[in-house]
2 protein chains.
Amino acid sequence: MSPSPSSTGSPSATAFVPAHVTGIFTVHRDDDPSRSGSRGAGLALEAGVTVEITPAETTTVLVNGEPTAVEAVDRVLDSLGVDAEVEVDAELPLGSGFGLSGAMALGSALASNAGFDLGNSENDLIEVAHVAEVEAGTGLGDVVAAARGGTPIRLEPGAPPHGTLDGIPGTARVEVLTSGGLSTPAILEDRPERITEAGERALEELLDRPTLPRFLEQSRAFARDTGLLTEDVLEVIEAVEDTGGRASMGMLGRTVMAFGTDLSEAGFDPVVTRIHPGGASILEEPGWNDSPR
Amino acid sequence: MSPSPSSTGSPSATAFVPAHVTGIFTVHRDDDPSRSGSRGAGLALEAGVTVEITPAETTTVLVNGEPTAVEAVDRVLDSLGVDAEVEVDAELPLGSGFGLSGAMALGSALASNAGFDLGNSENDLIEVAHVAEVEAGTGLGDVVAAARGGTPIRLEPGAPPHGTLDGIPGTARVEVLTSGGLSTPAILEDRPERITEAGERALEELLDRPTLPRFLEQSRAFARDTGLLTEDVLEVIEAVEDTGGRASMGMLGRTVMAFGTDLSEAGFDPVVTRIHPGGASILEEPGWNDSPR
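All values reported here derive from a predicted model rather than from experimental measurement.

1. What about the pattern of salt bridges?
Scanning the entire structure with this criterion turns up 25 salt bridges over all chains. A salt bridge links Arg148 of chain B to Glu122 of chain A, with the shortest nitrogen-to-oxygen separation between them at 2.8 Å. Note that Arg148 of chain B is positioned in helix H4 (residues 142-148) and Glu122 of chain A in helix H3 (residues 122-136), a pairing that runs across two chains. Taking the relative accessible area as the measure of exposure, Arg148 of chain B reaches 24% and is therefore partly exposed. When its relative accessible area of 19% is taken as the criterion, Glu122 of chain A is described as buried.

Spelled out as structure tokens, the structure:
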């Protein structure tokens, strides 16, 4: 009954973390990175990342087989005091507004905890990943959202216990279409107040009636009011609206999200996924708890 | 794109809620039922309940096809102001320490919200179900635990935002064996201080190293220290220990829980399930978000 990885043939551990496409956000900076973060709302998606951690002499990160530098992942492993081979399978493209750096950071934290038998709680690991993501400058709210799953509403910014969450109940088929990334830090540094003002307004409207149609409506208002809408994203959204559908922008990417078949019925060829109800979890860990003794 | 149930052929909605078998608990009563509750820890199980809600003239509750009185469900529907046919499929027996009254209450809240398009948030619905369960006197911590999924640790008692949660990371095959129920109110009224004292002690040890083996160890200590262990449950636990395994008691039932194959290797014929990573969710709702327009 020993949970020590050294006692098993396969010491690797695997975690799944949903992608998170943000519709509404605010920007809150604090000297304490665990209190930095974002209020807002987004969709956790079944199209996510699996992260496999295998203890190694030095840390390496492979994303879909390619060596890739992911600062948030390096920071997680440093913070936990481990070195490992990190193998990521990602179903959506990096750097396009799907929160994948945060998802990889959280998956690395969960899988390292299991593979090295570190004995941290879920909240501990969410905090480690959130702080790594904030310090890497690659995100503010994706880690806590992906940890919860569903359609998380970030009521207060930061990692637990500072950050608090609610959620929009419901299930939906989701279509996403992306043509790449936007430079996150530049936009956030240029006009954080304008973003936060629009974000607070959209969030207030959403909290008044937290449904999926209202989420999309207020995401659309937020994209318009912040000036974050790019020309190519606007063209796709308007094409969907011309055929009677609804769509909005995934922040921060040149990415459009819609429910049901609204993108495909407008003639696009989107990635089809669903809202992921469950949030991040361990898929496999060294085997005291599954195998016969 | 109307989410109104009256616009679709099938106005019913279905939710899934995991069962929750409690290992450690404390008792906290407050004049405000949303602040009443329990600290402690348990396992959310894939063997849970599905709850289908169909609007009707008067409320009826069927559990596995049988008309059944479930006060917590009636209170949820009253609280939400709706009448419905409630059809529950339950994979485990009621009244045996699997938190099914809380699961049915939460599933009724989630499915009613979807079926009647009520526009509540997840936290709103968790509070409605928690209050219904507390007022019915059938549970204190199952609703918030089943909402989260995994192996929830109840850090503070009550519904959100009062109650706060953490979790033990990890996945495991779970075996459970039950021979029926214990009278919940009698035990809780007779010796709440002794239970709470033992629960606080076990929870402190668990929080020091929140792992699944430690959960089982401290659940065992809690069952011993409270005097809640019944003779037949103790016999099963000792039989498992005699074959080198570990098991503890599911509160409050004549129920034994173990990881891996520890019950079956000791010669018992348990129900086999797993930790449910995701918590409660909507499975189906009236169809604006899935069907082609």
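So much for the structure itself; the text now carries on.
2. Notes on the sheet that holds strand S10 (residues 253-259) of chain B
Two orientations exist for strands paired in a sheet by backbone hydrogen bonds: parallel and antiparallel. All names here are of chain B. Spatial ordering of the open sheet is given by S9-S10-S8-S11, a layout of four strands whose pairing is antiparallel. A single partner strand is all that each edge strand has here, and the edge strands are strand S9 (248-250) and strand S11 (271-274). Here the strands of the sheet are splayed against their neighbours by 35° on average, with no regard to which way each runs. Sheet topology places strand S8 (residues 173-181) next to S10; six bridges connect them, and they run antiparallel. Bridge pairing links Val174 to Phe259 in S10. Here helix H7 (residues 212-226) sits on the sheet in contact with S9 and S10, set at roughly 155° to S10. Sheet contacts for helix H8 (residues 231-242): S8, S9 and S10; angle to S10, the most-contacted strand, approximately 15°.

3. Let's talk about the interface of chain A and chain B
Taken together, the contact pairs 51 residues of chain A with 51 residues of chain B. Here chain A packs against chain B, burying approximately 3,800 Å² in sum over the two surfaces, 48% of which is carbon and sulfur. The interface formed by chain A and chain B contains four salt bridges. Asp117 of chain B is paired through a salt bridge with Arg209 of chain A; the nearest N and O atoms lie 3.1 Å apart. For the side of chain A that touches chain B, the secondary-structure elements that each account for two or more residues are helix H2 (100-115), H3, strand S7 (164-168), helix H7 (212-226) and strand S12 (281-284) of chain A. Of the residues assigned to the side of chain A that touches chain B, the class counts are 19 nonpolar, 18 polar and 14 charged.

What counts as what
Residue positions are given per chain, counting from 1 as you read along its sequence in written order. Chains and ligands are labelled by the order in which they are written, letters from A for the one and numbers from 1 for the other. It should be noted that, the model being predicted, local features are given only for residues of pLDDT at least 70 and side-chain atom pairs only at 80 or more, the latter also being counted only at that level, while totals for whole chains, interfaces and linings use all residues. Heavy atoms throughout the structure, all of them, feed into the side-chain values; hydrogens and water do not. We define a salt bridge as a contact between a side-chain nitrogen of Lys or Arg and a carboxyl oxygen of Asp or Glu at a distance within 4 Å. Here a strand is any run of E in DSSP of at least two residues, a helix any run of H or I of at least four, and the numbering for each starts at the N terminus. Exposed residues in this analysis have more than 50% of their type's maximum accessible area, buried residues have under 20%, and partly exposed residues fall in between, with area computed by a 1.4 Å probe over protein chains only. DSSP calls a pair of strands paired once it identifies at least 2 bridges connecting them. Note on definitions: angles span 0 to 180 degrees between N-to-C directions of axes, and those axes are lines fitted to C-alpha atoms, for helices only across the stretch in contact. For this analysis, residues touch if any pair of their heavy atoms sits within 4.5 Å. Buried area counts how much accessible surface, traced with a 1.4 Å probe, disappears from two parts once they are put together, with both parts' losses summed. Residue polarity follows a fixed list, in which Ala, Val, Leu, Ile, Met, Phe, Trp, Tyr, Cys and Pro are nonpolar, Asp, Glu, Lys and Arg are charged, and the others, Gly among them, are polar.

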